[in-house]
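Chain by chain, the residues run as shown.
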Amino acid sequence: MDMLKEFFRDKSAARLLMIAASALLFVSQFFYYFDDVDKSYLTYTHKGSLTGPLSGNSELHLDLSGRGIATGWQLHPQAYLILVVLAFALLRDDIANNRWFGRLGYWAAFILIAVATTPGAPFRANGALMGFVALLMALVAALMNLFRRKSVPPPLK
């Protein structure tokens, strides 16, 4: 129990919320981000020729790059590095209490979480929905940090 108290000591609410958002992002990578079963589509375009579809001004295109069922780790290879950077920056007191991190670090963490959740379909798959919630939590944490910094008066000289 003392270890848990030690973890929460001297951490702002914004920092704890950003840590929770990073943890939720980590968990969401194990769930599906896409659950589509269709892997391709066929399109036909006609470029306005008067001679018909066989004149050479028409185009038939088969796209096989569609994604089927995929977890967050499969879709976001950049998430490995992003989660390590976030853990290092948010869990180290000397980095998280730095003046520059307080000014720009929370917004950088929000952008990194956004990069780690893209692409995703938050209303079709559970992992993407959890990643979207983590992104919203990171936005709230960055705003909380901004308002906390604005409300604290500068030190007297």
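Structure: see above.
Because the structure is a prediction, the values reported are computed rather than measured.

### Focus: the nonpolar core
As a rule of thumb, nonpolar side chains are buried together in soluble globular proteins. If you look at the biggest cluster of nonpolar residues, it comprises 31 residues, and the most contacted ones within it are Met18, Leu25, Phe101, Tyr106, Ile113 and Ala138. If you list the elements that add at least two residues to this core, you get helix 2 (13-28), strand 1 (32-35), helix 3 (72-75), helix 4 (79-91), helix 6 (99-116) and helix 7 (126-151). For Leu25, the contacting residues outside a window of four places in its chain are Tyr33, Leu83, Ile113, Ala116, Thr117 and Ala134.

### Structural notes on the packing of helix 2 against helix 6
As a packed pair, helix 2 and helix 6 sit with axes 11 Å apart at the nearest point and diverge in direction by 15°. Our classification of the angle between helix 2 and helix 6 gives roughly parallel. The hand of the helix 2/helix 6 crossing is left-handed. Side by side, helix 2 and helix 6 meet where Ala14, Arg15, Met18, Ala21, Ser22 and Leu25 of the first sit next to Tyr106, Ala109, Phe110, Ile113 and Ala116 of the second. When the residues that make up the contact of helix 2 with helix 6 are grouped by side-chain class, the tally is nine nonpolar, one polar and one charged.

### Things to note about the layout of surface pockets
Counted as a void, the largest pocket has a volume near 370 Å³. Surrounding the largest pocket, 15 residues form its lining, Asn98, Arg99, Gly102, Arg148 and Arg149 being those nearest its centre. Looking at the lining of the largest pocket, the elements that each hand over two or more residues are helix 6 and helix 7. With four residues, helix 6 is the largest single contributor of residues to the lining of the largest pocket. Classifying every residue of the lining of the largest pocket gives three nonpolar, five polar and seven charged.

### What about the packing of aromatic side chains?
Under the definition given, this model contains six aromatic pairs. A centroid spacing of 5.3 Å and a plane angle of 85° characterise the contact between Phe26 and Phe30, whose relative ring orientation is edge-to-face. On the accessibility criterion, Phe26 (40% relative accessible area) is partly exposed. Assessed through its relative accessible area of 51%, Phe30 is described here as exposed. When the ring of Trp73 is compared with that of Tyr80, the centres are 4.6 Å apart and the planes differ by 20°; the resulting orientation is stacked. With a relative accessible area of 16%, Trp73 lands in the buried category. Counting every residue linked through ring pairs, the aromatic cluster contains Phe26, Phe30, Trp73 and Tyr80.

Reading the values: the criteria
- For every chain, the first residue of the written sequence is number 1, and numbering continues from 1 along that sequence.
- The predicted origin of the model limits local features to residues at a pLDDT of at least 70 and limits the giving and counting of side-chain atom pairs to 80 or more, whereas totals for whole chains, interfaces and linings rest on all residues.
- Hydrogen atoms and water are omitted, and side-chain values are computed over all heavy atoms in the structure.
- Residues belong to a common nonpolar core when they are buried Ala, Val, Leu, Ile, Met, Phe, Trp, Tyr or Cys residues joined through side-chain atoms within 4.5 Å.
- Three labels apply to residues, based on accessible area from a 1.4 Å probe with only protein chains included: buried if under 20% of the type maximum, exposed if over 50%, partly exposed otherwise in between.
- Counting from the N terminus, the helices are DSSP H or I runs at least four residues long and the strands are E runs at least two residues long.
- Contacts were defined at the residue level, with two residues in contact if any of their heavy atoms lie within 4.5 Å.
- The axes are straight lines fitted to the C-alpha atoms, using for helices just the contacting stretch, and the angles between their N-to-C directions are given from 0 to 180°.
- Angles below 35 degrees are treated as roughly parallel, those above 145 as roughly antiparallel, those between 65 and 115 as roughly perpendicular, and all remaining angles as oblique.
- Take the far helix as the reference: if the near one is turned anticlockwise from it by less than a right angle, the crossing is left-handed, and if turned clockwise, right-handed.
- The nonpolar class holds Ala, Val, Leu, Ile, Met, Phe, Trp, Tyr, Cys and Pro. Asp, Glu, Lys and Arg form the charged class, and all remaining residues, Gly among them, are polar.
- As defined here, a cavity is a set of points on a 1 Å grid over the protein atoms alone where a 1.4 Å probe fits but cannot get out. A pocket is an open set with protein on both sides within 12 Å along at least five of seven lines, and residues line them when an atom is within 4 Å of a point.
- Grid points are joined across faces, edges and corners, and a volume is the space filled by probe spheres set on the points.
- Each Phe, Tyr or Trp ring, with Trp reduced to its six-membered ring, pairs with another whose centre is within 6.5 Å; inter-plane angles below 30 degrees give stacked pairs, above 60 give edge-to-face pairs, and intermediate values give tilted ones.

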